[in-house]
Amino acid sequence: MKRGRKPKNPVPESMPDSPMVVDDVFSVNDVEVADDTEEADEPVVAEEQPDSVVRRGRGRPPKKKSRNDVENSDTAVLRRNSRANGVCSPNFNNNVSSSAVPVGKVNNNVSSSVVPLGIISESAPPNVTKVVPSMDAVVKVFCVHTEPNFSLPWQRKRQYSSSSSGFIIAGRRVLTNAHSVEHHTQVKLKKRGSDTKYLATVLAIGTECDIAMLTVEDDEFWQDVSPVEFGSLPALQDAVTVVGYPIGGDTISVTSGVVSRIEILSYVHGSTELLGLQIDAAINSGNSGGPAFNDKGNCVGIAFQSLKHEDVENIGYVIPTPVITHFIQDYEKNGEYTGFPSLGVEWQKMENPDLRMAMGMNSNQKGVRIRRIEPTAPEYKVLKPSDIILSFDRVDIANDGTIPFRHGERIGFSYLVSQKYTGENASVKVLRNSKTLVFNVQLAPHKRLIQAHIKGKPPSYFIIAGFVFTAVSVPYLRSEYGKDYEYDAPVKLLEKHLHAMAQTEDEQLVVISQVLVADINIGYEEIVNTQVLAFNGKPVKNLKELAQMVEKCNSEFLKFELEYQQIVVLQTKTAKAATLDILTTHCIPSPVSDDLKT
């Protein structure tokens, strides 16, 4: 028998090779979603990993862990627990960008700099301790949402609850994100260190800038708290600290980073382009509406969305102070939110020298060429296609459409337009037929043929003989075709969504969304989301006009002319008589929405 060492104890096969990862946690309406309307009583606890297998035998005694090893081990546990708590990254898509999503979407790139308040390690950045006094103004927002059902516009979807962040500003007001309180039925706020939730009132919702303003009537809420003070627009590489109540726990937490980019960004929720800050601090679900502080403890922005892509890590976006100030002053001037104005033109770059020569520009002139002008815009009366915009409010525009911003920086000239308020005038210098002209134009909000939002109002509908007529909007397309509606919706509707312009202020794209099957509409069952062009030979301008024409029709037949040269013909008396029975069968309270009733 051969002598030798004893074999080592085998490692059990059941021991996992890596930390457990739970299923992806998806969020609804861009904020962390709770199971019920109240806050969970028990925090989510990560499942414990099995202890290491103890091996017996000869050998050197194990080395004592150094302090650094212990800290690294603690960091690993923090990351493992974060993953077990559901910090995973589902892939979302909105109508602006397939990779940018509002904050509220979860991020699996949890930074080790996320430190709950009161657990500040020695390696934490020094600016964390500087903004502690301002953290008392950060609140947790609880909202119960009841969204309209755009596919069945006479009813609403099942309510759900969400939580996000907000902060107190001067004037007994609280700011948060618009998508955090969209379609709200109840909003409650809870201060840091408090066990009381206070009912809040929504004062204004700015869909374009993704900001909402709240207030609380209870005087107790405003006691022992100082409002947040705003700072100036930060520079590149300035340190920022995002404070809020993200997923992974119930207490306040902070993430720190620096400003990595300042430019015009696509605001996913508002489907607009405004000034934004890109930061490398981790922004996760629940951070929506949380403030971003500079190293002096002043607020320089509001966290609102992050970039989700397999090739990027820790890219978050913050609404900067110029946009926040515009929203607040707009509300104070008008008593309500009126929106950001638009120039109402589509333009082309003039970087090609031959193009500039053909347009009559000399070597010293720079600008952009107007391609199209919205018929509903005030500029439609004075500007013309092929005009060269040389300057806006006496600021020269480059051939690529940019203007000087700060030292060593340039930004799109739409930034100048966004600094204006609805109804204000602006000076526009153009080059037309080699002549320089200056116009004083009045600015107004952008009018879309297919609206990006219905601003909290219920969707409109009209029903006759089982035919459901409605107006197309982006929420309607998303309801019908999902988040990838830009790929799945009919080409005709997408072309109008992307390129068509409204000819009048009240113009709408009216479609037959579906047919509620009955004997009266036999043969028409397959008509779905098809545009209605005319009724009895008269063009259809909007849904209300169509409903009025049908109700007042005394002709023998109702004739609807649809897209693709389709027609629908019904006997007038029979169709109107059958409508009541169809409504009763489908439990529909009214054949027409309240906003269309005369």
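Predicted model, so just to flag it, every value in this text is computed and none were measured.

Along the protein chain, the regular secondary structure elements total 10 helices and 32 strands. For the protein chain, the computed accessible surface area is about 30,800 Å², with 48% contributed by carbon and sulfur atoms.

What follows covers helix α6 (residues 474–481). For α6, the full list of buried residues reads Val-474, Pro-475, Tyr-476 and Leu-477. Buried positions along α6 lie against β27 (467–471), α7 (485–488), α8 (491–499) and β28 (510–515).

Quick look at the packing of aromatic side chains now. Taken as a whole and assessed by the stated rule, the structure comprises 12 aromatic pairs. Ring geometry for Trp-154 against Tyr-461: centres 5.9 Å apart, planes inclined by 70 degrees, an arrangement best described as edge-to-face. Taken as a pair, Trp-154 in the loop between β4 (138–145) and β5 (160–169) and Tyr-461 in strand β26 (residues 461–464) lie far apart in primary sequence, 307 residues in all. Since its relative accessible area comes to 16%, Trp-154 is described here as buried. Chaining the aromatic ring pairs together yields one cluster made of Phe-462, Phe-469, Phe-535 and Phe-560. Between Lys-197 and the ring centre of Phe-142, over which it is positioned, the NZ or CZ distance is 4.1 Å.

Before going further, it helps to examine α8. Of the residues making up α8, those classed as buried are Leu-493, Leu-494, Lys-496 and His-497. Taken end-on, α8 shows its buried residues confined to a sector of 165 degrees, consistent with a single buried face. Residues of α8 that are exposed and point more than 90 degrees away from the buried face comprise Val-491 and Leu-498.

This part takes up the environment of Leu-546. Among the structural elements, Leu-546 can be located in helix α9 (residues 543–551). Considered as a pair, Leu-546 and Phe-535 are 11 residues apart in the sequence and their alpha carbons are 7.4 Å apart.

What follows is about the environment of Tyr-564. Mapped onto the elements, Tyr-564 comes out in the loop between β31 (557–562) and β32 (567–571). Sequence separation between Tyr-564 and Thr-530 is 34 residues; the distance between their C-alpha atoms is 8.5 Å. Excluding anything up to four places from it in sequence, Tyr-564 contacts Lys-492 and Thr-530.

Confidence along the protein chain averages 82 in pLDDT terms, with 77% of residues attaining 70 or more. Note that pLDDT drops below 50 for residues 1–99; the model gives that stretch 142 contacts with residues more than four away or on any other chain.

Right, let's get into a nonpolar patch on the surface. Side chains of Phe-557, Ile-567 and Val-569 sit close together on the surface and give an oily, nonpolar patch of about 240 Å² of accessible area. Within the secondary structure layout, Phe-557 lies in strand β31. According to the relative accessible area criterion, Phe-557 is partly exposed, its value standing at 37%.

One pass over the full model with this rule turns up 15 salt bridges. Note that Arg-173 is salt-bridged to Glu-332, the shortest N-O span being 3.1 Å. Of this pair, Arg-173 sits in strand β6 (residues 173–176) while Glu-332 sits in helix α3 (residues 321–334), placing them 159 residues apart in sequence. Looking at Arg-173, the relative accessible area reads 13%, which means it is buried. When its relative accessible area of 48% is taken as the criterion, Glu-332 is described as partly exposed. Salt bridges linked by common partners bring Glu-346, Arg-371 and Arg-372 together as one network.

Take the pairing of strand β29 (residues 530–535) next. Along β29, 5 of the 6 residues are buried, which leaves the element largely enclosed by surrounding structure. Pairing analysis gives 2 bridges linking β28 to β29, with the strands arranged antiparallel. Bridge pairing in β29 places Ile-512 opposite Thr-530. In terms of strand pairing, β29 meets strand β30 (residues 538–539) through 2 bridges, oriented antiparallel. Looking across to β30, one finds that Phe-535 is bridged to Lys-538. The turn joining β29 and β30, which pair antiparallel and follow one another in sequence, is formed by 2 residues; a positive phi near 50 degrees is taken by Asn-536.

Right, let's get into unusual backbone geometry. A positive phi angle, close to 55 degrees, is found at Ala-465, a residue other than glycine. When you line up the elements, Ala-465 lands in the loop between β26 and β27. Judged by relative accessible area, which is 0%, Ala-465 ranks as buried. In the Ramachandran plot, Cys-587 falls in the positive-phi region, its phi being about 55 degrees despite a non-glycine side chain.

This brings us to the environment of Arg-410. The topology assignment puts Arg-410 in strand β22 (residues 410–412). Between the C-alpha atoms of Arg-410 and Glu-263, which are 147 residues apart in sequence, the distance is 8.4 Å. Beyond its immediate sequence surroundings of up to four residues, Arg-410 is in contact with Ala-398, Thr-402, Ile-403, Pro-404 and Phe-405. At 2.9 Å, the side chain of Arg-410 and the side chain of Thr-402 are in polar contact.

Direction of pairing for strand β17 (residues 345–348) relative to strand β18 (residues 368–373): antiparallel, over a ladder of 4 bridges. Bridging across to β18, Trp-347 finds its partner in Ile-370.

With respect to the helices, strands and loops of the structure, Asn-529 is situated in the loop between β28 and β29. Here Glu-480 takes part through its side chain, which lies 3.1 Å from a polar atom of the side chain of Asn-529. If sequence neighbours within four positions are ignored, Asn-529 has contacts with Tyr-476, Glu-480, Tyr-481, Leu-493, Val-511, Ile-512 and Ser-513.

Reading the values: rules and limits
Residue numbering note: each chain is counted from 1, following its sequence as written. Under the rules for a predicted model, residues below a pLDDT of 70 receive no local features and side-chain atom pairs below 80 are neither given nor counted, while totals for whole chains, interfaces and linings still include all residues. Here the side-chain values reflect all heavy atoms present in the structure, with hydrogen atoms and water set aside. In DSSP terms, a helix is any run of H or I states spanning at least four residues, a strand is any run of E spanning at least two, and both are numbered starting from the N terminus. Here the accessible surface of atoms and residues is derived via Shrake-Rupley with a 1.4 Å probe, and residues count as covered only by protein chains that are part of the display. We call a residue buried when its accessible area falls under 20% of the maximum for its residue type, exposed when it is over 50%, and partly exposed in between, using a 1.4 Å probe and counting protein chains only. Throughout, a residue-residue contact means that at least one pair of heavy atoms, one from each residue, lies within 4.5 Å. Aromatic pairs are defined between Phe, Tyr and Trp rings, using the six-membered ring for Trp, whenever the two ring centres lie within 6.5 Å; interplanar angles under 30 degrees are classed as stacked, those over 60 as edge-to-face, and all others as tilted. We call a charge positioned over a ring when the NZ of a Lys or the CZ of an Arg lies within 6 Å of the ring centre and within 35 degrees of the ring normal. The directions considered for the arc run from the helix axis to the C-beta atoms. The score called pLDDT rates the predictor's confidence residue by residue, from a low of 0 to a high of 100. Patch building starts from residues that exceed 30% relative accessible area and form no salt bridge, then joins like charges within 9 Å and nonpolar side chains (Val, Leu, Ile, Met, Phe, Trp, Tyr) within 5 Å. What makes a salt bridge here is a side-chain nitrogen of Lys or Arg within 4 Å of a carboxyl oxygen of Asp or Glu, nothing more. Criterion used throughout: strands pair if DSSP finds at least two bridges between them. Under the rule applied, a polar contact is a pair of N or O atoms within 3.5 Å (in protein, one hydrogen donor and one hydrogen acceptor; residues adjacent in sequence only if both atoms are side-chain atoms).

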